[in-house]
Amino acid sequence: MTKSLPPEYYQLLEELQAVDFLLVELTLYLDTHPGDQQVIAQFNENVEKRLKLRYQFESKFGPLQQYGNSYADSKWSWHSSPWPWQV
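Residues numbered from 1 in each chain as written. Predicted model: local features only at pLDDT ≥ 70, side-chain atom pairs only at ≥ 80, totals over all residues. Heavy atoms only, no water.

1. Describing the packing of aromatic side chains
The line we're drawing: Each aromatic pair joins two rings of Phe, Tyr and Trp (for Trp, the six-membered one) with centres within 6.5 Å, and gets the label stacked for planes under 30 degrees apart, edge-to-face for over 60, and tilted for any other angle. Only runs of H or I of at least four residues qualify as helices and only runs of E of at least two qualify as strands under DSSP, and these elements are numbered from the N terminus. A simple rule labels every residue: compare its accessible area, found with a 1.4 Å probe on the protein chains alone, to the largest value its type can have, and call it buried under 20%, exposed over 50%, or partly exposed in between.
Counting across every chain of the model gives four aromatic pairs. Considering the side-chain rings of Tyr-9 and Phe-57, the 5.0 Å spacing of their centres and the 55 degrees angle between planes classify their relative orientation as tilted. One end of the pair, Tyr-9, is in helix H1 (residues 7-32); the other, Phe-57, is in helix H2 (residues 37-61), and 48 residues separate them in sequence. Between Phe-57 and Phe-61 the ring centres are 5.3 Å apart and the planes differ by 50 degrees, which places this aromatic pair in the tilted class. One end of the pair is Phe-57 and the other is Phe-61, both in helix H2 and four residues apart, which spans about a single turn. With respect to class, Phe-57 is no different from Phe-61; both count as buried. One aromatic cluster in this structure is built from Tyr-9, Tyr-10, Phe-57 and Phe-61.

See the structure below:
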C-alpha cells in the first residue's frame, strides 16, 4: 500500500528534477565551453537553488539520498519515505 502524499511533495520533487536536468545540461555545455562565464554563473545559481529545494524537500518529507549525501533525522526514516521512482 502506497501512502498518500500531499501535492507539495510532487511539486517540490518536480522542481528538483527540473533543476537537476538543467544542471546536467549546463555541465555538458561547460565541458565543451569551459570559459563561458555567463553559463558558469547560471550553473552556480542553479546549484544554490537545488540546495535550497533539497533542504526544503528533506525537511518536510525525509532524505533524498543516502551514504552521507543527506542528513539523517532522529528516527532514521530513510527507509520509510517513498523512493522517487515509486511516486
